[in-house]
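# Structural overview for review
Here is what each chain is made of, one letter per residue.
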Amino acid sequence: MGGIWAKNIWKKNALECFLIFGCIFMSPVVILNSSFWAQCDSIYCFFCIATLYLLFQKKYWLAMFFWGAAFSFKLQAVFILPMIMLMYIKNKDFPLKKFVGSIVSIVCLALPGILNGRNILDILKIYFGQVSGDADSIIHEFVTYLLMRILYQTIECILRACV
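Here goes a summary of the coordinates provided. (Residues numbered from 1 in each chain as written. Predicted model: local features only at pLDDT ≥ 70, side-chain atom pairs only at ≥ 80, totals over all residues. Heavy atoms only, no water.)

## Regarding the overall build of the protein
On a plain count of helices and strands, the protein comes out with nine helices and zero strands. For the protein, the α and β elements follow one another from N to C terminus as α-α-α-α-α-α-α-α-α. Across the 163 residues that make up the protein, the buried fraction comes to 26%. Within the protein, contacts between residues at least 6 apart in sequence are counted, and of these 60% link residues at least 24 apart. (Helix = DSSP H or I, 4+ residues; strand = E, 2+ residues; numbered from the N terminus. Buried < 20%, exposed > 50% of the residue type's maximum accessible area, 1.4 Å probe, protein only. Contact = heavy atoms within 4.5 Å.)

## So, the packing of aromatic side chains
Given two aromatic rings, one states the distance between the centres and the angle between the planes to describe the pair. Enumeration according to the criterion identifies ten aromatic pairs in this entry. For the pair Y88 and F99, a centre-to-centre distance of 5.6 Å together with 75° between the ring planes defines the contact as edge-to-face. Taken together, the residues span a long stretch of sequence, with Y88 in helix α6 (residues 81–90) and F99 in the loop between α6 and α7 (100–115) at a distance of eleven residues. Judged by relative accessible area, which is 25%, Y88 ranks as partly exposed. A connected cluster of aromatic rings, assembled from ring pairs, spans F46, F47, F66 and F73. (Phe/Tyr/Trp six-rings, centres within 6.5 Å; stacked < 30°, edge-to-face > 60°.)

## Topic: the environment of K58
By secondary structure assignment, the location of K58 is in the loop between α4 (41–56) and α5 (60–73). Sequence separation between K58 and F94 is 36 residues; the distance between their C-alpha atoms is 7.9 Å. Those residues within four positions of K58 in sequence are excluded, and the remaining contacts are N91 and D93.

## So, α7
The first and last C-alpha atoms of α7 sit 22 Å apart over 16 residues, in line with the 22 Å expected at 1.5 Å per residue. The principal kink in α7, of about 35°, is found at L109, preceding the proline P112 by one to four residues. Directly after α7, the chain includes G117, whose backbone phi takes a positive value near 95°. (Expected span 1.5 Å × (residues − 1). Bend = angle between axes of the 7 residues up to and from the residue.)

Here is the structure:
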């Protein structure tokens, strides 16, 4: 998505776009967040960035569809809602009915659960479960911090021994 953004917004050439994509894709933050902590932030960020890109391209229904997908993956997608609302207020050609795209997206992504017999209310309760704190997640974050600290100290000791 970063490469597409660079190509269409900043008018960069193909090599620069490929380098921007590579830098984002190989960023330690992306790798650690996606694999080490088993987060889906890269997926939800893709949908959020696609939403902003499509808003600037004035493809409002598709933008709202992508925002609904981001919201389906992580509740944190509400943090770009003020930006969407500003675009709605600023642009006179952004009708309110385009917000239906987000509902369509959420329902489409909930269909596999519904088709397998899960109640629609159970699916919607998942979002409210994200808001309530979970003691186990706090413990895992603490363990992750300790592992990162041990890894850093190990690398530091090896580098000092080599120098």
